[in-house]
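Fold and contact review
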Amino acid sequence: MGEGILCKKGSILTQTAVSDYALICAKYPTGSSCACSKGSESFTAEGGTGLAAFAVTGSGVWTVTISDGMRTKSGSVTISAAGEVKTIQLSYPSDPVVSEEGVLLSAQNGLANGYSLGGNASMNGNAIRERDGGGFWLRPAVNLSGYSTLSVSGYLRSAKYGQSRICVGSSSESVFDIAKTPELYAMWQGVFDTLYTVTLNVASLNGAYYIGATSVGNNLEITGIVLS
């Protein structure tokens, strides 16, 4: 009979546990249920935290299934012997994908799969380039649970005003509209054509929030958006 336990990055099993069990670690959308089964054996992780582990004693093909009440997704993991540690990451077909490193935008790969832009910006190669008064937000909203820091890097290419701000808000309007107040924001203070990074502490935020920049007439070129 297996058991579900919380799986945290960097956690260590005792030598006894390693010798007795194989471990299946699962990463999945926060708020979903997560179960692991093989034949008549079935058990469920508690809490819906998006990270779970299942200690199993039987070899063979185990099925990991997640559900949010409306959608279901399954994947399989093959266990050959006790002591093995296998990982599986599951998402629903319509879900955007944030990499294990928390990269939403990189100069090498552009936007993470499943994300697009709202507001006055478009992709310029792998960078986000503001246009027509500036301002943008990533869509859909990003689940910030489990992250502590948001870093946004890029360049100021031209400016009419000195009020560009990087924002995290519960609505796209609070990010985009200078008259609105988002949950968190920081002013852009970089000089022309010099790489600059804005950092926000998002540890207090749980759930989905919009990330972007306020429309104030500046022209930012954003090359990196990373959660850690």
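Residues numbered from 1 in each chain as written. Predicted model: local features only at pLDDT ≥ 70, side-chain atom pairs only at ≥ 80, totals over all residues. Heavy atoms only, no water.

As a further point, take the pairing of strand β6 (residues 60–67). Looking at chain direction, strand β3 (residues 33–38) and β6 are connected through 5 bridges and run antiparallel. By the bridge assignment, A35 is partnered in β6 with T65. Relative to strand β7 (residues 72–79), β6 runs antiparallel, the two being bridged by 8 bridges. In the sheet register, W62 faces β7, and the bridge partner there is V77. (Pairing = 2+ DSSP bridges. Helix = DSSP H or I, 4+ residues; strand = E, 2+ residues; numbered from the N terminus.)

Once that is clear, we can look at the environment of N206. Mapping N206 onto the fold places it in the loop between β19 (196–201) and β20 (208–213). Residue N206 is classed as exposed on the basis of its relative accessible area, which comes to 55%. Along the sequence, N206 and N143 sit 63 residues apart, while their C-alpha atoms lie 7.2 Å from each other. Setting aside anything within four residues of it in sequence, one finds N206 in contact with S145 and G146. (Buried < 20%, exposed > 50% of the residue type's maximum accessible area, 1.4 Å probe, protein only. Contact = heavy atoms within 4.5 Å.)

A cis geometry characterises the amide bond from R139 onward to P140, with omega recorded as 5°. Secondary-structure assignment places P140 in the loop between β14 (136–139) and β15 (142–143). The residue D132 is not glycine, and still its phi comes out positive at about 50°. Within the secondary structure, D132 sits in the loop between β13 (127–130) and β14.

Spatially, the 4 strands line up as an open sheet ordered β4-β3-β6-β7, and their pairing is antiparallel. Strands with a single pairing partner mark the edges of an open sheet, and in this sheet they are β4 (41–44) and β7. In this sheet, neighbouring strand axes are inclined to one another by 20° on average, regardless of whether the strands run parallel or antiparallel. (Axes fitted to C-alpha atoms, helices over the stretch in contact; angles between N-to-C directions.)

This paragraph deals with the confidence of the model for the protein chain. Counting all residues, the mean pLDDT for the protein chain is 84, and 86% of those residues have values of 70 or more. Of the regions scoring below 50 in pLDDT, residues 1–17 engages in 27 contacts with residues more than four places distant in sequence or in other chains. (pLDDT = per-residue confidence, 0-100.)

Another aspect to go through is the nonpolar core. Counting residues in hydrophobic clusters, the biggest one holds 31 residues, and the most contacted among them are I128, L144, L150, V168, I222 and I225. Elements with a minimum of two residues in this core: β9 (103–106), β14, β16 (149–158), β17 (165–169), β19, β20 and β21 (219–227). Looking at which element gives the most residues to this core, the answer is β21, with 4 residues. What L144 contacts, discounting residues up to four positions off in sequence, is V168, V202, L205, G207, Y209, I211 and L227. Judged by nonpolar contacts, the second largest core, of 19 residues, contains F43, A45, W62 and V77. (Core = buried A, V, L, I, M, F, W, Y, C linked by side-chain atoms within 4.5 Å.)

Glancing now at the pairing of strand β2 (residues 22–27). Among the 6 residues in β2, 5 count as buried, and that is most of the element. Bridge analysis of β2 against strand β8 (residues 85–89) gives 5 bridges, and the strand direction is parallel. When the bridges of β8 are listed, K27 appears paired with Q89.

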